[in-house]
Every structure is written in structure tokens, then in C-alpha cells.
Amino acid sequence: MPWYSQFDDHGTVKGGNTSCNPMVKEMMRNAKTPATPGGKGATDNINIANTKDTRGRIEPNVTKAQEGLGYINSELESGRPVMVGVTWKTPHPGFNGGNADHYVVITGRSVSTDGTEYYTFHDPGAKSAAMGSDSRPENRFVVDKDTRMLFRPLKDEPLWSTDARYEVSQVRKNQEAQKK
């Protein structure tokens, strides 16, 4: 699966500070797995966040978190990446079609040497593949044992999103999955 920076033009997407959503969709299109359009109130979103605080922390709906995790696992087992919305810092409670501040694409699932299950992702919020691709060890989500929410356990007060704690707040279904 290709990785692209949201700060560079690629295909029909013009790069910029707010281009994460269209750039993830561009990555997905080029991987032959287009994401659904999504957006606020879209029925093809699995919205995991009940609420979000000013630090970007969500109160997850445990049922929706489990549904989202099941969907992600199913798609990955079928060889398809999944677009997800994450929170990390913004105080805006209803940004990007719900409680998402940023978008990334989950590309794989594995288990670390200590037995922790994790999910790799491409992050368009980086300016280099070394920081944004799924090969970067920090670009991993782990599963919260209580809520089943996916999160990246990094810094609470980062300067850049690529160094931030991300919490998956929204799962976007793939267009092919909608046809099933």
C-alpha cells in the first residue's frame, strides 16, 4: 500500500494542512480499496466516541469500539486496509464528521515479542515516509483491554501529530464492504 504525505500534491489531491482525509482516500484508491465518503452523520461510519474532551481524549462507546475492531479485523483478513479517524489534540468537539481530528489508514495487524497485539498504520500527517509509513514502530495502535478502543500510547502534549497519542474515534467502511 502506498504512503503519501498530506503536505504534497498527489493525484487529484492538493496537499496542505487540512488534506489528511482526501490523502488517506487517495492512498486507499491506489491500493484498490476505496473508502466510503463518510462525513458527519454518515451511516457508513462506525463512530466510537460518545464524547471528546479538550485534550482529544474520547469516552468510547464499548459496543461501537468492539464493532469497529471486528470490522477492521475482517477487512485486514481480506487483505484490505481501513480508513480511521483519530483524536489527538483539538478542542473542537465535532470536527471532521464527528469526533475525528485527523485521518490515518490501518494497513496491518501483528503481535509484538511481548505478546501485545497491534495494528500498523500510514499517517499522512508526516512529511517523510520514515515518519509516516507503517514501518515506523511508533505508527502502531494497541487495544485497550477494558474498552476495546485502539490507541497509540505516545505523548500527551506533543508539538506535532506524528508524536501524539492517537485514539481511534471513527472507522470508515470500505466501499467494497458496502456491497456485501
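Our subject is the structure that appears above.
Model, not experiment: these values are computed from the prediction.

J.: Would you explain the environment of G11 in this entry?
T.: Structurally, G11 is set in the segment before α1 (20-30). Accessibility expressed as a relative area gives 65% for G11, which makes it exposed. Separated by 12 residues in the primary sequence, G11 and M23 place their C-alpha atoms 9.3 Å from one another.

J.: Please clarify how the pattern of salt bridges should be interpreted in this entry.
T.: Pairing between side chains of opposite charge can happen when their charged atoms approach one another. Summed over all chains, the structure comprises 7 salt bridges. A salt bridge links E26 to R29; the shortest N-O distance between them is 2.5 Å. Placement of the pair is E26 and R29 together in helix α1, with a separation of 3 residues, close to one helical turn. Classification of R29 as partly exposed rests on a relative accessible area of 40%.

J.: How should unusual backbone geometry be read in this particular structure?
T.: Glycine aside, residues mostly have negative phi, and peptide bonds are mostly found in the trans state. Look at K32: it is not a glycine, yet its phi comes out positive at around 65 degrees. Residue placement: K32 occurs in the loop between α1 and β1 (45-47). The exposure class of K32 is exposed, given its relative accessible area of 64%. Even without a glycine there, the phi angle at R148 is positive, about 70 degrees. Along the chain, the position of R148 falls in the loop between β7 (140-143) and β8 (150-152).

J.: I would appreciate a short explanation of the environment of A100 in the present structure.
T.: Its place among the elements puts A100 in the loop between β4 (82-87) and β5 (102-111). Looking at A100, the relative accessible area reads 0%, which means it is buried. For the pair A100 and V168, spaced 68 residues apart in sequence, the C-alpha separation works out to 8.0 Å.

J.: Can you help me understand the side chain of N73 in this one?
T.: Relative to the assigned elements, N73 resides in helix α2 (residues 62-77). One polar contact links N73 to Y119, side chain to side chain, over a distance of 2.6 Å. With residues up to four places along the chain from it excluded, the contact list for N73 reads R109 and Y119.

J.: Looking at this structure, how should I read α2?
T.: Residue pairs three or four apart in sequence face the same way in an α-helix, which turns once every 3.6 residues. When the terminal C-alpha atoms of α2 are compared, their 22 Å separation across 16 residues agrees well with the 22 Å that a helix rising 1.5 Å per residue should span. Three or more residues of α2 are buried, namely A65, G68, L69, Y71, I72, N73, E75 and L76. The backbone nitrogen of T63 lies 3.0 Å from a side-chain oxygen of the residue at the head of α2, namely N61. After α2 finishes, the residue G79 shows a positive phi value of roughly 80 degrees.

J.: Can you walk me through the side chain of Q6 in this structure?
T.: By secondary structure assignment, the location of Q6 is in the segment before α1. One polar contact links the side chain of Q6 to the main-chain carbonyl oxygen of N17, over a distance of 2.8 Å. Among all residues touching Q6, those that are not within four sequence positions of it are G15, G16, N17, T18, S19, C20, M23, H102, P124 and G125.

J.: What's the story with the packing of aromatic side chains in this structure? I'm lost.
T.: Geometry of an aromatic ring pair is reported as the spacing of the ring centres plus the angle between the planes. Tallied over the full model, the rule gives 2 aromatic pairs. Taken together, a centroid distance of 4.3 Å and an interplanar angle of 25 degrees make the contact between F121 and F141 stacked. Note that F121 is positioned in strand β6 (residues 117-122) and F141 in strand β7, a separation of 20 residues in sequence. Of the two residues examined, F121 and F141, each falls in the buried class. Judged by centre distance (6.0 Å) and plane angle (45 degrees), the ring pair of F121 and Y166 falls under tilted. Of this pair, F121 sits in strand β6 while Y166 sits in strand β9 (residues 166-172), and the two are 45 residues apart along the sequence. No difference in accessibility class separates F121 from Y166, as the two residues are buried. Within the aromatic cluster, the residues linked to one another by ring pairs are F121, F141 and Y166. Geometry around Y118 places R140 over its ring, the cationic atom sitting 4.0 Å from the centre. When the ring centre of Y166 is taken as origin, the NZ or CZ atom of R152, which lies over that ring, is 4.0 Å away.

Parameters at a glance
- Residues numbered from 1 in each chain as written.
- Predicted model: local features only at pLDDT ≥ 70, side-chain atom pairs only at ≥ 80, totals over all residues.
- Heavy atoms only, no water.
- Helix = DSSP H or I, 4+ residues; strand = E, 2+ residues; numbered from the N terminus.
- Buried < 20%, exposed > 50% of the residue type's maximum accessible area, 1.4 Å probe, protein only.
- Salt bridge = Lys/Arg side-chain N within 4 Å of Asp/Glu carboxyl O.
- Polar contact = N/O pair within 3.5 Å; in protein donor to acceptor, adjacent residues only side chain to side chain.
- Contact = heavy atoms within 4.5 Å.
- Expected span 1.5 Å × (residues − 1).
- Phe/Tyr/Trp six-rings, centres within 6.5 Å; stacked < 30°, edge-to-face > 60°.
- Lys NZ or Arg CZ within 6 Å of the ring centre and 35° of its normal.

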